[in-house]
Structure formats: C-alpha cells, structure tokens
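# Secondary and tertiary structure notes
Residues per chain, in single letters:
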Amino acid sequence: MILQGNGSPTRAVVLGGGGTVGVAWQTGLLAGLREAGVDLSEASSIVGTSAGSLVGALLSSGRDVTDALAVLAAVGHKLDFAVLAAGEESFLSASRQAALAADPRQALRAIGSAVREATTTLTEDDYLGLLDILDGVAWPPGFRCTAVDSGTGELVVWGPESGVPLRHAVAASCVVPMLFPAVTINGNRYMDGGLVSHLNATAAPPSDVLVVVSCHPLGGHGGAADSDRSASTIRADAEMAQLRENTRLVAVEPDFGDLEAPVKMLDPETAGRALHIGRRQAEREGAAIRAAWDV
C-alpha cells in the first residue's frame, strides 16, 4: 500500500477527454456522486485530459463542477453546429492519422504544423476567453493536465510546479485541431492531449486506488486501428491493462445506449442529454465507486 502521512491509502482520479459531451457527462456524474456521498475531490492526485482537464481543474480546486456548464454555453454561443461538427471530424481525422503512422510522433508534428497554420473562427485570445472562470485561479495541489507540443509531438504534463497559468494549461489541453487555435505557453504552442490518449492515465502518480472516468468505451470495444478506433483509444486500453497490475482500479464509462450512434461528442444538444445520463449513472454506480473509494 502507498500510504499517506495519516496512514490512509492514496487515491487518484483520471478524467478523460470527450468534447463538450464529455464535459457535460463528467459534470453530471461527479455532481451526482458528490450528492451521493462520494467526493472525488478528496483524491491526492487528479489528472485531466482535454474535457477532463476542465472538469478536473474545477474538481481539484474545490469549485462546483457544474461551473463547467458555463463554458459549454460560451462555446455554443461562439460556434455554430456546423463549425463544431467540422471540428469533431478534424479530431477524428488527426487521431486516425496518428494511428496509421509508422512514427506517431512524426504524425503529431505534422498535425501540429497544420494546427499552427490554420485560420480558426476564434483567435487565441477569444479562445482563452471561453475559460474566464479559471482566470486568476491558483493551480490546485495535486492537479495535473496533459497537452501535446505541436512542434515536437511530445506529450507534456503540467502540474502546480510548472509555473504555467491554469487557464492556459487547461485551454491547451482542449485544443481540438482546426477548431481551436493552438495555445502559446513560454514560446511553444500546444494542442489537445487527447491526440495521444483520451485518458493519459499513466500520467497519474502511483496510488492504491485509481478511479478512471472515461468519456469513451473501454476494454477493447470497437474495431481495429484502421477502422473506427483511434490511436488514443488503443493507447488508453493498453494503459488500463498496465495500471490494473499494480493498483485497485475502478473504471467508469458512459452509458450512451439511448443516444444515436456514433455519438457526436461536440453536439450541444447531445451534451444536454449527457449531463442527465451522468447523474443517472451516479445513482446506479455510486455504491460500487464508494466501496472502492473508501477502501
């Protein structure tokens, strides 16, 4: 056991990427769990990627996670459905490009070059403005979020020691290629951490209990890499298998069975439904999550 100073087991949370639908689903799930007496903000470490970076920043800072809904409203106000749909397709295309590449990092560098040169609906300042709720918020202890360096193709993980403003780090983690502009941090430009893995679960420090909240199906669902599965999905499945060897892992994935497949992860209307799905799942799965959390 990896015990904290008070002798209790260490606990960590990973919040994965999944667009505006993922933000809404995670918000509903976490809010519902808190109401059911399971407060994941008590984790010693919280790691977020893309959608999970926004929700994780709020959760770890002690804010009400439903504040994330204000960001979704701002996105919907600035960008219409056609722009969002094109953004989702660009993300899927980029993921497939990385999946089929002999050298994934080289593919990510090529994607990064296109992202840096793209003309997007929003300027970088406009994009950062969508995350005004994080402006001036101190970096929460134990929180980390991921992004990809658009120049090198490398995954970066920022924490409180990084000196990076929280709003900039979260914004960088959420840069859907060709939809949002790359975010400039210390002279480098960054894009969505979900291009490597929609979880990046191995970025979490070793812990006794790990709760993984994935906005996408886990456990090998889907086809081969050259069909509908992205590089990030393949990587996430491998991460989960690795982590299960050394920690008590509880995985939560969305029950989107009532939604039309494939789920449009940037559809504002679907996001509204996902919020309620998350709350219903919290009611159904709260006891099992509590049992692991309170070990």
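Looking at an unreviewed UniProt entry, one finds the chain named PNPLA domain-containing protein, with Amycolatopsis mediterranei as its source organism.

## Section: the overall build of the chain
Secondary structure assignment for the chain yields 9 helices and 8 strands. At 18 Å, the chain has a C-alpha radius of gyration in line with the 19 Å of a compact globule built from 295 residues. For the chain, the spread of C-alpha atoms along the three principal axes comes to 50 × 40 × 40 Å. Relative to its 295 residues, the chain shows a buried fraction of 53%. Across the chain, every contact between residues at least 6 apart in sequence was considered, and the portion connecting residues at least 24 apart equals 77%. As presented, the chain carries roughly 12300 Å² of accessible surface, and 50% of it is formed by carbon and sulfur atoms. Mean positive and mean negative side-chain charge positions of the chain (21 and 34 charges, respectively) differ by 2 Å.

## A look at the UniProt feature "domain: PNPLA" (unreviewed entry) in the chain
The sites that carry the UniProt feature "domain: PNPLA" (unreviewed entry) are, in the present numbering, residues 13–205. Annotation note: span residues 13–205, helix share 45%, strand share 14%, distance between end C-alpha atoms 10 Å.

## So, the pattern of salt bridges
Counted according to the given criterion, the structure contains 9 salt bridges. A salt bridge links Glu-35 to Arg-279; the nearest nitrogen and oxygen atoms lie 3.0 Å apart. Taken together, the positions of Glu-35 in helix 1 (residues 19–35) and Arg-279 in helix 9 (residues 268–293) put the pair 244 residues apart, joining distant regions of the chain. As a salt-bridge pair, Arg-96 and Glu-89 come within 3.6 Å of each other at their nearest N and O atoms. In this structure Arg-96 comes out as partly exposed when scored by relative accessible area, which is 29%. Since its relative accessible area comes to 43%, Glu-89 is described here as partly exposed. One salt-bridge network, held together by shared partners, links Asp-132, Asp-135 and Arg-167.

## Notes on the environment of Leu-275
Checked against the element boundaries, Leu-275 lands in helix 9. Overall, the relative accessible area of 17% leaves Leu-275 in the buried class. Counting along the chain gives 14 residues from Leu-275 to Ile-289, while the straight-line C-alpha distance between them is 19 Å. The contact partners of Leu-275, leaving out residues within four places of it in the chain, are Ala-24, Trp-25, Thr-27, Gly-28 and Leu-69.

Rules behind the numbers
- Residues numbered from 1 in each chain as written.
- Predicted model: local features only at pLDDT ≥ 70, side-chain atom pairs only at ≥ 80, totals over all residues.
- Heavy atoms only, no water.
- Helix = DSSP H or I, 4+ residues; strand = E, 2+ residues; numbered from the N terminus.
- Rg over C-alpha atoms; globule rule 2.2 N^0.38 Å.
- Buried < 20%, exposed > 50% of the residue type's maximum accessible area, 1.4 Å probe, protein only.
- Contact = heavy atoms within 4.5 Å.
- Areas by Shrake-Rupley, 256 points an atom, 1.4 Å probe, with all protein chains shown as cover.
- Lys, Arg positive; Asp, Glu negative; His and termini not counted.
- Charge placed at Lys NZ, Arg CZ, Asp CG, Glu CD.
- UniProt positions renumbered as here; feature names shortened; annotations may be inferred.
- Salt bridge = Lys/Arg side-chain N within 4 Å of Asp/Glu carboxyl O.

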